[in-house]
Amino acid sequence: MGKETIDHLRSSIDTDIYTIYKYPFLDDARKYIRDSGISFNDLLEGSISTIVDCGRKRVEDALNGKIHEYDNPYLEILSYPVANIILSCINDIGLIKRYAYFESKRVYEELKKEENNFIIKIAAQFGLRLKKDGEKYETYFTDYLNNSRRINDQKWSLVNKKISKGWISLEKEDFVRLIAEKYREIIEDTLPLNIDKEDCSKIINRVGDIITCLKEKDNREKISKIDSDCFPPCIKGIISKTEKGINLSHHERFSLTTFLHKIGVKKDEIIQLFRNMPDFDFEMTRYQVDNIIGESSGTTYRCPSCSTMKTYGICTTERNKDCNNVSNPIKKYKINLDRKYKGIV
Amino acid sequence: MDMNEVSTIYLIRKFNEYYTNLFKNKNFLSCIPPSFNEREWGFIPIRYKRMWRHLSFQNLGEMKKFFLKNTPLHLYYSSAYYEHPDIKKMSEKGWKGADLIFDIDMNIKNDLKYEKMLLLAKDEVIKLYDILKSDFGLNDIQIVFSGGRGYHIHVRDRSVLKLKSEERREMIDYLSANSLNIDNVLKKREVVGDYGIERGYYYGMVDSSWGERVWSSVITFLDEIRNMNENDAIKKIKELKIGKRDKFVKDLSKKDALEMYQMLKKSNIVELMKKDRKITTDKFFKNLVERIVENELNMLPIKNTDNPVTTDIKRLIRLPGSLHGGTGFQAKLVDNIDNFDPLNDAIVFSDENKKIISIVDTDISMKDNKYKIRKDENKLPEFVCLFLICRGLAYLED
């Protein structure tokens, strides 16, 4: 199959393609892929190199922190499953999260421009409850909570919202953000796909440099000198989230920064840790870290106590039994250090 | 104090009698949580005070039989529904969902007397119940007196069962409004005239549920003051205390309070506020409104929930209808919270007099009576005796 196939498809497509290429997750898009006659094997073999290149571009853009740009709608739809295959074969959770983040951001920007009817249709496909009331969109609070929990912005906290009988009213722009967040979650939940190892090796050959790039990035991000083995479970939990590229809540960011600062980790190293965040923004992170460690505000914040960590939901140990009943994560770190290096048990 | 043998035997007998009657009672069925066979059960036996958990029961007969054989001092079930409630490893139980639980506990203010504490807790429950209904539109809400210091609210509305821990925390944040300050409810806005932006600004109500709630109580407050006589009004205005923030460092002077009262009386400022949902920038008056807002932000939210109880989606919670082993009171399902009086309605034991040795001097109000308890020997109704034994304050003579 080659260029003629693509041309043939182009001629047989109705106008709807101009909507669905932006949203390759739509049922219509799936139908299109099915009708294209291109098989999973065709994609794996990479016999249609333009499609594979395009899929690969999607992944690269995410890795480089860019929103994917496109000019060829026909290719885009087909490149979507290819990107999924590539991501599944590389099988790096951090990369998948990053991809999900940028892909959802792209969709968010597109959705903002859409007509109400189209938004209603997509919300229905994603199972987001919606009541239209004039210009306002209303969604049910559980759907709101579920899809807004990773957005780090006071504006999104429930307490600043108008909620009546369970329904929250939102501007269009915010409602489509919820759709985008839902999409992000769906990507994260579906990937990696279960792909045969042999099949994967065919794909991997073509994306080797992505993997190299990913590894370099990983190495840069390891923290040195400090013995992270001895961190208390709460801090370990947060760090493992950063390693996986899972977005942190405000409280988690705050707790991690205050903790690391207290035990002497340098500012730059703290910032490095946040690099893996899907929404990493260097300037913003530096500003926030500065603020917390007191370089800009003059106030150095202390690491939250264990009971506060419990309220935040960061502490997951039961009745402190794993933590020698200490009152602060710093103390637990010191106990662990002592045990390890002085042999005290 | 370790309980002596006579008291222990007595307690077991009384608790066992209670459960025997409870299990025969038809009303008991309303205490049993739905899908009880998908829940983990746990209890603390009277004699060996250690939690025994990961129990599960396939039918009620089995459960009754078990708890008559092993009389519980405390009896719990999980708010969560599981595939395998009896597996010991939490991660293997197969979590399917959980009731949404709130624990209203006035623990923090421990300088308060017990009766007063329970009254405050009741006010909190009413506030919470109203917001759960009006804002969240939730149904299937049970209010239960915990038998101890407060109340448990069980929400079994289908829409909340799948909520994760962090989503429940967001609800707590909403209810407690901890992150709210005056800027979230009263926003400074520029005045825009016919010729573009004019100089000046006003304060408008923020379009959020808390914005509305605070705004309408500000209006109610102003209306109240307006309808008072001068002295009462001045007193009430001066009671508006300084908030946590250093913004209002000074208490209002009597002169200021009087001026504010007079202004409220003779101007139509409250009517305008009702109509336009904003106030003009008169600094003097704004100072008053800021104080009221500050005050309402302390009064309106629900501040006394024990948050980890709500965010823990695998918590064990006391069974309604069971006895609280620390008081001997019933954890009572409340039908009508307005009329509910825990120190009457949750008392289940008889008033037959009994001799008991107290180790303290104390006063207790129960069943509309005040009991003066002196150290050493007392003759007291059985329900008082059991309360004291459960609290570890008294024992039966060997």
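Heads up: the structure comes first, above all this text.
Please read all numbers here as calculations on a predicted model, not as lab measurements.

Comments concerning the overall build of chain B
Right, so step 1: Along the backbone of chain B there are 13 helices and 18 strands.
Right, so step 2: Expressed as a percentage of the 398 residues in chain B, the buried residues total 51%.
Right, so step 3: Considering only contacts in chain B between residues 6 or more positions apart, those separated by 24 or more positions represent 66%.
Right, so step 4: Here chain B displays about 19,700 Å² of accessible surface, and carbon together with sulfur accounts for 47% of that area.
Right, so step 5: For chain B, the distance from the average position of its 68 positive side-chain charges to the average position of its 61 negative side-chain charges is 2 Å.

Remarks on the sheet that holds strand β7 (residues 141-145) of chain B
Residues and elements named next belong to chain B.
Right, so step 1: Reading across the sheet, the 4 strands line up as β6-β8-β7-β13 and stay open at both edges, with antiparallel pairing between neighbours. Every interior strand has two partners, whereas the edge strands, β6 (100-105) and β13 (333-334), have only one.
Right, so step 2: In terms of strand pairing, β7 meets strand β8 (residues 150-155) through 5 bridges, oriented antiparallel. Each bridged residue has a counterpart across the sheet, and for I141 the counterpart in β8 is V155.

Notes on the interface of chain B and chain A
Right, so step 1: Listed per partner, the contact involves 26 residues of chain B and 21 residues of chain A.
Right, so step 2: If you look at where chain B meets chain A, you find 4 salt bridges.
Right, so step 3: The shortest N-O distance in the salt bridge between D207(B) and K162(A) comes to 3.1 Å.
Right, so step 4: Counting across the chain B and chain A interface gives 14 residue pairs in polar contact (both at pLDDT 80 or more).
Right, so step 5: Going through the elements one at a time, α3 (114-134), α4 (165-176) and α6 (209-226) of chain B are the ones with two or more residues in the side of chain B that touches chain A.
Right, so step 6: Ranked by residues supplied to the side of chain B that touches chain A, first place goes to α4(B) with 7 residues.
Right, so step 7: A class-by-class count of the residues in the side of chain B that touches chain A yields 9 nonpolar, 8 polar and 9 charged.

Examining the pattern of salt bridges
Residue and element names in this part refer to chain B.
Right, so step 1: With the rule as written, the count across this model stands at 46 salt bridges over all chains.
Right, so step 2: Here D135 ties to R213 by a salt bridge, and the two come within 2.7 Å at their closest N and O atoms. Of this pair, D135 sits in the loop between α3 and β7 while R213 is found in helix α6, placing the two residues 78 residues apart along the sequence. In this pair, the class of D135 matches that of R213, namely buried.
Right, so step 3: The partner of R277 in a salt bridge is E212, with the nearest N and O atoms 3.9 Å apart.

Quick look at the environment of E212(B)
Right, so step 1: Inspection of the secondary structure assignment puts E212(B) in helix α6.
Right, so step 2: Taking C-alpha positions, E212(B) is 7.8 Å from V185(B), a pair spaced 27 residues apart along the chain.

A closer look at the environment of E62(B)
Residues and elements named next belong to chain B.
Right, so step 1: Position of E62 relative to the elements: it lies in helix α2 (residues 60-69).
Right, so step 2: Considering only alpha carbons, one finds E62 and Y202, 140 residues apart in sequence, at a separation of 67 Å.
Right, so step 3: Discounting residues that sit within four places of it in the chain, E62 has contacts with S56 and F57.

Topic: the sheet that holds strand β3 (residues 163-164) of chain A
Residues and elements named next belong to chain A.
Right, so step 1: Spatial ordering of the open sheet is given by β1-β2-β4-β3, a layout of 4 strands whose pairing is antiparallel. The open sheet has two edge strands with one neighbour each: β1 (131-133) and β3.
Right, so step 2: Pairing between β3 and strand β4 (residues 167-170): 2 bridges, direction antiparallel. Across the sheet, the residue bridging to I163 is I168, located in β4.

About the criteria used
Residues numbered from 1 in each chain as written. Chains lettered and ligands numbered in written order. Predicted model: local features only at pLDDT ≥ 70, side-chain atom pairs only at ≥ 80, totals over all residues. Heavy atoms only, no water. Helix = DSSP H or I, 4+ residues; strand = E, 2+ residues; numbered from the N terminus. Buried < 20%, exposed > 50% of the residue type's maximum accessible area, 1.4 Å probe, protein only. Contact = heavy atoms within 4.5 Å. Areas by Shrake-Rupley, 256 points an atom, 1.4 Å probe, with all protein chains shown as cover. Lys, Arg positive; Asp, Glu negative; His and termini not counted. Charge placed at Lys NZ, Arg CZ, Asp CG, Glu CD. Pairing = 2+ DSSP bridges. Salt bridge = Lys/Arg side-chain N within 4 Å of Asp/Glu carboxyl O. Polar contact = N/O pair within 3.5 Å; in protein donor to acceptor, adjacent residues only side chain to side chain. Nonpolar A, V, L, I, M, F, W, Y, C, P; charged D, E, K, R; others polar.

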